[in-house]
Amino acid sequence: MSPNAAVMFSAKNTMRFRLSAGTGFKAPSFQQLYMDFTNAVAGYSVIGSADAQSNLKRLEENGLITRYLGNPSLLQTVGPETAVSYQASFDSDLGKRVHLHVALFHNRIGDMIETLPVAQKTNGQQVFSYLNLNRISSRGMSFETRFRPSDLISIQAGYQFVQARDLDVLDQIAAGTLYGRRDGVDYLLKRSDYGGLFNRSKHSGTLQLAVSTPQGTTDVRLRATARSRYGFGDQNGNLVLDASNEYVPAQMLWNLTINRKLTSLANLQVGVINLFDRMNAERIPSLSGRQVFASVLFSSE
Amino acid sequence: MKRSFFIYAFFCLSAGLIAGCDSTSPNGASDPVVAERASDIPSDPIIGLGGDGRPVGTNTFTFFNVRTGDVVAQTDSATTKWDLGFRGTTIIVNGGTSGPGNGAAKIVEGVFADITDAVADDMQTDSESGYAIPVGSGNGWYNYNPALQTVSPVPGRVLIIRTADGRYAKVSIISYYKGAPTTPSASDEARYLTFDYAFQPDGSLLFE
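Parameters at a glance
- Residues numbered from 1 in each chain as written.
- Chains lettered and ligands numbered in written order.
- Predicted model: local features only at pLDDT ≥ 70, side-chain atom pairs only at ≥ 80, totals over all residues.
- Helix = DSSP H or I, 4+ residues; strand = E, 2+ residues; numbered from the N terminus.
- Buried ≥ 20, exposed ≤ 12 C-beta atoms within 10 Å, placed from the backbone.
- Rg over C-alpha atoms; globule rule 2.2 N^0.38 Å.
- Core = buried A, V, L, I, M, F, W, Y, C linked by C-beta atoms within 7 Å.
- Contact = placed C-beta atoms within 7 Å.
- pLDDT = per-residue confidence, 0-100.
- Nonpolar A, V, L, I, M, F, W, Y, C, P; charged D, E, K, R; others polar.
- Pairing = 2+ DSSP bridges.
- Axes fitted to C-alpha atoms, helices over the stretch in contact; angles between N-to-C directions.

### Observations regarding the overall build of chain B
Phase 1 of the analysis: Helix and strand counts for chain B stand at one helix and 14 strands.
Phase 2 of the analysis: A buried classification covers 38% of the 208 residues belonging to chain B.

Structure (structure tokens):
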């Protein structure tokens, strides 16, 4: 059962205020329970949690396991993830040309199912399985606005602040059992040292400017996405995000596209992705440098 | 071997305390315990690739004497001249199944410099069922990061060591990589240990 409730207040048709609360439930997937897979090329294995013990035993009997990462007897059938979420949002139209949207949210997820390496294989690869691990709290606000100064120009801006943290880590910090290391010297971790979950930026935003010609044959779109620094992995052995060298620096990417209608059936699109040639080969290998493209699209009606 | 020295604060503020500063005083403070850093001690470094393409070393321990701060020759492995042995991520003590000495160890939680009085309870010795300093990621002194393929010492874990001759030292592992880089990567030269240690010669566990 996943009860949800929401109320909405409206005023003068231009303002809407919405409150909602709900609970969620996510059962473990078939593969999280029963998968038994070995990648023939790379050599790693993934085993479902329900049969993890017996599968690990079989791998060990076949002499495929060098060592366990952690205690294999702690592996058990994963249970469902649970979530409780609260949201408050406000929408407003200021005349015909401006729209505002503001939202506050707080989500708590319990027993999040995570993939973890559980054993090292003799081929150097790992065996992965699933565990109910963390209690996560994610809270923040988002802000979005669309502004049309004229019929031909549209500006959209969005900003999001999210603080996503592992509640078990906060408990460890409160209990004084989590440490960090700086320049070879250990220290007790403070709440303010904790950077939250890996791969999550605290601040992120988008900005888009679109201009079209009065005839509607050409439009130009400039789009920027930005995100603040985010953690990529632990470097100082405490497994949580705390040290400055565990972050990927903030980044901002700009894209430009120009669309032109050549005939009623053909469209020309030219553009530049990653206008300022931002790259980070070490931490974001997927981010290619500047790419220029052109395409003609024919359509038949 | 590069060493840096830290001397713990040791003050004698008044004449009444001067007696306590006498290093021969049996129950007062003795000479301050000096913490030293051992850098890049080889821990069976990789010498090549094995038959299955995995990197291998010579599968031998490097022996270290925390009383003198010296690396001990391999030929002295059956003596009490060493206190700690290093091979990859495995650390042994000179006692039990590992050596002829009185060595033992345990892991305590805390900041190295702040551990000033340990207790000798629960000291473990190397045995058939396992080493005093457990192996495996998260069990002993290090965590293995599977995404970055790096070994990082767990901050806040201090090894309390009983030496081969029954005295005590505390040890904090700093790095598993040559040159102790603050941001180690899988391409750094692994199996070189850098660690801080402090030996208390008077036989007590007071590291002040």
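Having put the structure on the table, let's press on.
### Observations concerning the overall build of chain A
Phase 1 of the analysis: A count of helical and extended segments in chain A gives three helices and 18 strands.
Phase 2 of the analysis: On C-alpha atoms alone, chain A measures out to a radius of gyration of 25 Å, which is more than a quarter above the 19 Å that the 2.2 N^0.38 rule sets for 301 residues.
Phase 3 of the analysis: The principal-axis extents of the C-alpha atoms in chain A amount to approximately 75 × 50 × 45 Å.
Phase 4 of the analysis: Each of the 301 residues in chain A was classed as buried or not, and the buried ones make up 16%.

### So, the nonpolar core
Phase 1 of the analysis: Within the largest apolar cluster, 45 residues are counted, with the highest numbers of intra-cluster contacts made by Leu84(B), Ala105(B), Leu159(B), Ile161(B), Ala169(B) and Tyr197(B).
Phase 2 of the analysis: Residue contacts for Ala169(B): discarding those within four places in its chain leaves Val66(B), Ile161(B), Thr163(B), Tyr197(B), Ala198(B), Phe199(B) and Gln200(B).
Phase 3 of the analysis: One finds Ile47(A), Ala52(A), Leu56(A) and Leu75(A) within the second-largest nonpolar core, a separate group that totals eight residues.

### Side note on the confidence of the model for chain B
All names here are of chain B.
Phase 1 of the analysis: On average, residues of chain B score 84 in pLDDT, and 85% of them reach the 70 mark or higher.
Phase 2 of the analysis: When mean pLDDT is taken per element in chain B, strand E5 (residues 62-65) scores highest with 97 and strand E1 (residues 5-7) scores lowest with 38.
Phase 3 of the analysis: Every residue in residues 1-29 scores below 50 in pLDDT, and together they form 29 contacts with partners more than four places removed in sequence or on other chains.
Phase 4 of the analysis: Scored by ipTM, the complex comes to 0.76, with pTM at 0.76.

### Remarks on the interface of chain B and chain A
Phase 1 of the analysis: Listed as interface residues are 25 residues of chain B and, on the opposing side, 24 residues of chain A.
Phase 2 of the analysis: Elements with a contribution of two residues or more to the side of chain B that touches chain A: strand E10 (142-145), strand E11 (150-153) and strand E13 (168-177) of chain B.
Phase 3 of the analysis: Per element, the largest residue contribution to the side of chain B that touches chain A is four residues, and it comes from E10(B).
Phase 4 of the analysis: Residue composition of the side of chain B that touches chain A, by class: 12 nonpolar, 10 polar and three charged.

### Brief notes about the pairing of strand E18 (residues 291-298) of chain A
It is a general feature of regular strands that their side chains alternate between the two faces of the sheet.
Residue and element names in this part refer to chain A.
Phase 1 of the analysis: E18 sits mainly on the outside: zero of its eight residues count as buried.
Phase 2 of the analysis: Relative to E18, strand E17 (residues 266-273) runs antiparallel, the two sharing eight bridges. For Val 270, the partnering residue across the bridge sits in E18 and is Ala 294.

### Quick notes on the environment of Tyr34(A)
Residues and elements named next belong to chain A.
Phase 1 of the analysis: Residue placement: Tyr 34 occurs in helix H1 (residues 30-34).
Phase 2 of the analysis: Separated by 13 residues in the primary sequence, Tyr 34 and Ile 47 place their C-alpha atoms 6.9 Å from one another.
Phase 3 of the analysis: For Tyr 34, the residues in contact, after removing those within four places along its chain, are Gly 48, Ala 50 and Asp 51.

### Details of the environment of Asp171(A)
Residue and element names in this part refer to chain A.
Phase 1 of the analysis: Relative to the helices and strands, Asp 171 resides in helix H3 (residues 167-175).
Phase 2 of the analysis: Asp 171 gets classed as exposed once you count the C-beta atoms within 10 Å, which come to 12.
Phase 3 of the analysis: Each C-alpha atom of the pair Asp 171 and Leu 94 lies 45 Å from the other, and the pair is 77 residues apart in sequence.

### Thoughts on the sheet that holds E5(B)
Residue and element names in this part refer to chain B.
Phase 1 of the analysis: Taken in spatial order, the four strands make up an open sheet running E6-E5-E7-E8, and their pairing is antiparallel. Either end of the sheet is taken by a strand with one partner, and the two such strands are strand E6 (70-72) and strand E8 (90-93). With strand direction ignored, the average angle separating the axes of adjacent strands in the sheet is 30°.
Phase 2 of the analysis: By the bridge criterion, four bridges tie strand E7 (residues 84-87) to E8 in an arrangement that is antiparallel. Paired with Arg 87 across the bridge in E8 is Thr 90.

### Considering unusual backbone geometry
Residue and element names in this part refer to chain A.
Phase 1 of the analysis: At Asn 199, a position not held by glycine, the phi torsion is positive, near 65°.
Phase 2 of the analysis: With respect to the helices, strands and loops of the structure, Asn 199 is situated in the loop between strand E11 (185-188) and strand E12 (203-212).
Phase 3 of the analysis: By the C-beta count within 10 Å, which is 12 here, Asn 199 ends up exposed.
Phase 4 of the analysis: Residue Asp 277 is not a glycine yet carries a positive backbone phi of 55°.
Phase 5 of the analysis: Residue class for Asp 277 comes out exposed when judged on the 10 C-beta atoms lying within 10 Å of it.

### Overview of the confidence of the model for chain A
Phase 1 of the analysis: Scored by pLDDT, chain A comes out at a mean of 90, with 99% of its residues at no less than 70.
Phase 2 of the analysis: Across chain A, E12(A) holds the top mean pLDDT of 97, while strand E5 (residues 65-68) of chain A sits lowest at 80.

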